[in-house]
Amino acid sequence: MATARAAVLLAGFISSAILLMPLQWLGLKLGLPYARALPNRYHRFLCRLIGIRVTRRGEPHKGSACLIAANHTSWLDIPVIASLEPCSFVAKSEVAGWPFFGTLARLQRTVFVERERRTRTAHSRNEIHARIAAGDRLVLFPEGTSSDGNRVLTFKSALMSVAQLTVVNGEEDREADLVVQPMSVAYVRLHGLPMGRYFRPFFAWYGDMELFPHLWEAFSLGPIEVVVEYHKPVTIREIGNRKALAAYCEKCCRDGQARALTGRWPEVVPDGAALAAAEGAVRRLAGAGV
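Reading guide: rules and limits
Residues numbered from 1 in each chain as written. Predicted model: local features only at pLDDT ≥ 70, side-chain atom pairs only at ≥ 80, totals over all residues. Heavy atoms only, no water. Patch = residues over 30% accessible without salt bridge, like charges linked within 9 Å, V, L, I, M, F, W, Y side chains within 5 Å. Areas by Shrake-Rupley, 256 points an atom, 1.4 Å probe, with all protein chains shown as cover. Salt bridge = Lys/Arg side-chain N within 4 Å of Asp/Glu carboxyl O. Helix = DSSP H or I, 4+ residues; strand = E, 2+ residues; numbered from the N terminus. Buried < 20%, exposed > 50% of the residue type's maximum accessible area, 1.4 Å probe, protein only. Expected span 1.5 Å × (residues − 1). Phe/Tyr/Trp six-rings, centres within 6.5 Å; stacked < 30°, edge-to-face > 60°. Contact = heavy atoms within 4.5 Å. Pairing = 2+ DSSP bridges. Axes fitted to C-alpha atoms, helices over the stretch in contact; angles between N-to-C directions. Left-handed = near helix turned anticlockwise from the far one by under 90°. Nonpolar A, V, L, I, M, F, W, Y, C, P; charged D, E, K, R; others polar.

## Some thoughts on a nonpolar patch on the surface
Reasoning step 1: Where nonpolar side chains cluster on the molecular surface, the patch consists of Trp25, Leu26, Leu30 and Leu32 and spans about 390 Å² of accessible area.
Reasoning step 2: Along the chain, Trp25 falls in helix 1 (residues 2-30).
Reasoning step 3: Look at Trp25 and you get partly exposed, because its relative accessible area is 49%.

What follows is the structure, encoded as structure tokens:
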């Protein structure tokens, strides 16, 4: 059954992507509006196909230019995050040359950066800034690599320098600080049961793992649940400098992943109006003899 499941899912994944590639290419070539929304819809379909249930906590920043800083566990992060809202990603330059996946990345308007060449950092920063200033929502993985899913690695601050640049704030035609919002991604359940430290690396893609064998293994294991949490957005002016910004985002992602893996979420204390409404409902039920 596991082999049959993997074969069906892999065939569905590849065939659906091949069918949509020409449509997305044409949309990008002609500058058609649907080219931004199509990847989001495709990734929602892909999550349903693979059997990924995504639970969102928190709210994405709205109203101004924003860079997302997320922890990185697997290639599955791409459909998981992109299923929540239209976005593009920042990836290492090697991805552009990957068979099939490199094409998918280019069709989602990925920004490719040379992480090993520090002299290219300013160029990459300016490209990221230009895309965000044009209204794109970009997702950056500041760890620079993926982890085993049980921990968050140290966030590198180099590309966080993009937050030092301002953007024009819409119709008001004035400059505003670029907002950075941390996002934590955690793989929490397999077949409805806690995934645990043993199974989580089967979905994490890191180290020297070959992509296609890992893809097959992940598809064969069954439906999973992922928790994505949007954390408090900040600006570099509020934090102080890019290293402090990287440390803040890292802490948010580490805390968010820990909450998701343990299931220990802080209690939500109702505000005064909600509390009064709840007490009124209880009194009405008591008066009715319920």
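Let's pick the thread back up.
## Thoughts on helix 5 (residues 121-133)
Each α-helix winds once per 3.6 residues, and so residues spaced three or four apart point in a common direction.
Reasoning step 1: For helix 5, with 13 residues, the first-to-last C-alpha span of 18 Å sits near the 18 Å given by 1.5 Å per residue.
Reasoning step 2: Phi turns positive one or two residues past the end of helix 5, at Gly135, with a value near 105°.

## Description of the packing of aromatic side chains
Reasoning step 1: The tally for this structure, following the rule as stated, stands at eight aromatic pairs.
Reasoning step 2: Taken together, a centroid distance of 6.3 Å and an interplanar angle of 90° make the contact between Phe13 and Phe219 edge-to-face. Taken together, the residues span a long stretch of sequence, with Phe13 in helix 1 and Phe219 in helix 7 (residues 211-221) at a distance of 206 residues.
Reasoning step 3: By relative accessible area, Phe219 is classed as buried at 1%.

## Remarks on helix 7
Reasoning step 1: Regarding helix 7, the residues found buried are Leu211, His214, Leu215, Ala218, Phe219 and Ser220.
Reasoning step 2: On the buried face of helix 7, the contacting elements are helix 1, helix 2 (34-50), helix 4 (101-107) and helix 6 (196-203).

## Some remarks on the pairing of strand 2 (residues 66-70)
Reasoning step 1: Counting buried residues in strand 2 gives five out of five residues, a clear majority hidden from the surface.
Reasoning step 2: Here strand 2 shows two buried faces, one formed by Cys66, Ile68 and Ala70 and the other by Leu67 and Ala69.
Reasoning step 3: Where strand 2 and strand 8 (residues 179-190) come together, five bridges link them in parallel fashion. Note that in strand 8 the partner of Cys66 across the bridge is Val179.
Reasoning step 4: Sheet topology note: the strand 2/strand 5 (residues 138-140) ladder contains three bridges and is parallel. By the bridge assignment, Ile68 is partnered in strand 5 with Val139.

## So, the packing of helix 1 against helix 7
Reasoning step 1: At their nearest, the axes of helix 1 and helix 7 sit 7 Å apart, and the two run at 115° to each other. In this structure, the crossing between helix 1 and helix 7 has a hand that is right-handed. For the pair helix 1 and helix 7, the contacting residues are Ala2, Thr3, Arg5, Ala6, Ala7, Leu9, Leu10 and Phe13 in the first and Leu215, Trp216, Phe219, Ser220 and Leu221 in the second.
Reasoning step 2: For the contact of helix 1 with helix 7, the class distribution of residues is ten nonpolar, two polar and one charged.

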